[in-house]
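Residue strings, one per chain:
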Amino acid sequence: MLESPAMSDPQLIDAIDALLPQTQCQRCEYAGCRPYAEAIAAGDAINKCPPGGEATIAALARLLERPAVPLDRHHGEPGPRLVARVREAECIGCTKCIQACPTDAILGAAKQMHTVLESECTGCELCIAPCPVDCIDMVEPADGQTGITDRQSAYWRQRHEARNARLVRWREAKEARQRARLASRSSSSAESGAAPATVSRSRHDLQADIRAAVQRSRKRKAAQRRE
């Protein structure tokens, strides 16, 4: 692979990522556009992005000074951008599509109807497979914009990064709660373990006092009998 000598690895990855459509569709078999950009920088093929199509391949070829090769259709067919639309009357509110969406484009809550914000939807189709009632269709956007502009790509990248950051915060908060519960249980166990020991020591002392008192009483009675 030929790289621009003026670019460091992070700069090269940023430049590649900027040329990808940011649909986060995973058709390239990576977890999103950024991981695919990292893989391309490391030498992977530049023709695995169906949403970007031939235009993205050509742009990557110019940047990396590689040959422009045809799209690998093993990863999907190129085509116009479609958006997800929930058939709301059939939605059961399971939230599985919400969890799958890489840009938080689906609104809803458990056992409530879900709906898709078209401007945030990248057309990745990741929400379709998890839907247990198959109530999601891919349709043309209401505004007729079936292409992907640079402005849209930048916006989707921001939303994807914001979602990832939110998930990291959620996981960290969950782990912190788990650590706190474990610490609380350990403390409770230590305290409950110390209490019986304290009671045991007090009972032992009481029994010793009783034995001493009995012995004193016996001595007094023995002395009285001798008198």
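Throughout this document, residue positions are counted from 1 along each chain, in the order its sequence is written. This being a predicted model, a pLDDT of at least 70 is required before a residue's local features are given, and a value of 80 or more before pairs of side-chain atoms are given or counted; all residues contribute to the totals for chains, interfaces and linings. Where side-chain values are given, they derive from all heavy atoms of the structure, hydrogens and water being excluded.

As for the overall build of the protein chain
- The helix and strand inventory of the protein chain stands at five helices and four strands.
- Tracing the protein chain from N to C terminus, the helices and strands come up as α-α-α-β-α-β-β-β-α.
- When a residue's accessible area, from a 1.4 Å probe over protein chains only, is under 20% of the maximum for its type it is buried; when over 50% it is exposed; and in between it is partly exposed. A burial count over the protein chain gives 30% of its 227 residues as buried.
- Sequence-distant contacts in the protein chain: of pairs separated by 6 or more residues, those separated by 24 or more amount to 60%.
- Surface accessibility of the protein chain: about 14100 Å² in total, with carbon and sulfur atoms responsible for 53%. Starting at the N terminus, helices and strands are each numbered in turn, a helix being any DSSP run of H or I of at least four residues and a strand any DSSP run of E of at least two. Whether two residues touch is decided by their heavy atoms; if any such pair falls within 4.5 Å, the residues are in contact. Each accessible area is a Shrake-Rupley estimate made with a 1.4 Å probe; only the visible protein chains count as cover when residues are assessed.

So, the nonpolar core
- Judged by nonpolar contacts, the single largest core of 17 residues is most densely connected at Ile16, Leu20, Tyr36, Ile40, Ile46, Leu60 and Leu64.
- Counting only elements with at least two residues in this core, the list comes to α1 (9-19), α2 (33-41) and α3 (53-64).
- With five residues, the single largest contributor to this core is α2.
- Setting aside anything within four residues of it in sequence, one finds Ile46 in contact with Tyr36, Ile40, Ile57, Leu60, Ala61, Leu64, Arg66, Pro67 and Val69. Residues enter a nonpolar core if they are buried and are Ala, Val, Leu, Ile, Met, Phe, Trp, Tyr or Cys, with the set joined through side-chain atoms within 4.5 Å.

Let's talk about a positive patch on the surface
- Patch membership requires over 30% relative accessible area and the absence of a salt bridge. Like charges are linked within 9 Å, and nonpolar side chains (Val, Leu, Ile, Met, Phe, Trp, Tyr) within 5 Å. Whenever a carboxyl oxygen of Asp or Glu lies within 4 Å of a side-chain nitrogen of Lys or Arg, that contact is scored as a salt bridge. His is not counted, nor are the chain ends, whereas Lys and Arg count as positive and Asp and Glu as negative. In this description, the location of a charge corresponds to atom NZ of lysine, CZ of arginine, CG of aspartate or CD of glutamate. A grouping of Lys174, Arg177, Arg181 and Arg185 is seen on the molecular surface, where their side chains present a positively charged patch.
- Here Arg185 lies in helix α5 (residues 150-226).

Some remarks on the side chain of Lys48
- Mapping Lys48 onto the fold places it in the loop between α2 and α3.
- For Lys48, the side chain forms a polar contact with the side chain of Asp44, separated by 3.1 Å.
- Contact partners of Lys48, with chain neighbours within four places excluded, come to Arg27, Cys28, Tyr36, Leu71 and His75. Here a polar contact is recorded for every N or O atom pair within 3.5 Å, except that within protein the pair must consist of a potential hydrogen donor and a potential acceptor, and residues adjacent in sequence are included only if both atoms are side-chain atoms.

Here we look at the pattern of salt bridges
- Counted according to the given criterion, the structure contains twelve salt bridges.
- Across the pair Arg34 and Asp17 runs a salt bridge, and its minimum N-O distance is 3.7 Å. Highlighted residues: Arg34 in helix α2 and Asp17 in helix α1, separated in sequence by 17 residues.
- For Arg34, a relative accessible area of 32% gives the class partly exposed.

Re the packing of α1 against α2
- Angular values range over 0 to 180 degrees, each being the angle between N-to-C directions of two axes fitted as lines to C-alpha atoms, with helices fitted over their stretch in contact. At a closest axis distance of 8 Å, the pairing of α1 and α2 adopts a crossing angle of 125°. Overall, the two elements α1 and α2 adopt an arrangement that is oblique. The hand of the α1/α2 crossing is right-handed. On α2, the residues touching Leu12, Ile13, Asp14, Ile16 and Asp17 of α1 are Cys33, Arg34, Ala37, Glu38, Ile40 and Ala41.
- Here the nonpolar group is Ala, Val, Leu, Ile, Met, Phe, Trp, Tyr, Cys and Pro; Asp, Glu, Lys and Arg are the charged ones; every other residue, Gly included, is treated as polar. Class assignment for the residues of the contact of α1 with α2 results in seven nonpolar, no polar and four charged. Throughout, the term roughly parallel applies to angles under 35 degrees, roughly antiparallel to angles over 145, roughly perpendicular to angles from 65 to 115, and oblique to all others. Handedness of a crossing follows from how the near helix is turned relative to the far one, being left-handed for an anticlockwise turn of less than a right angle and right-handed for a clockwise one.

Here we look at the pairing of strand β4 (residues 136-139)
- Burial along β4 is one-sided: the face carrying Ile136 and Met138 is buried and the face carrying Asp137 and Val139 is not.
- As paired strands, strand β1 (residues 83-86) and β4 are joined by four bridges and run antiparallel to one another. Note on β4: the bridge partner recorded for Val83 is Val139. Two strands qualify as a pair provided that DSSP identifies no fewer than 2 bridges between them.

Describing unusual backbone geometry
- The phi dihedral of Gln22 is positive, around 65°, even though this residue is not glycine.
- In this structure, Lys111 is a non-glycine residue whose phi angle is positive, near 65°.
- Of note, Lys111 is situated in the loop between β2 (106-107) and β3 (115-116).
- On the basis of relative accessibility, which here comes to 78%, the residue Lys111 falls in the exposed class.

As for the packing of α1 against α3
- Look at α1 against α3: their axes get within 9 Å of each other, and the N-to-C directions meet at 160°. Comparing the axis directions of α1 and α3 gives the class roughly antiparallel. At the point where α1 passes α3, the crossing takes the right-handed sense. Along the contact surface, α1 presents Leu12, Ala15, Ile16 and Leu19, while α3 presents Thr56, Ala59, Leu60, Leu63 and Leu64.

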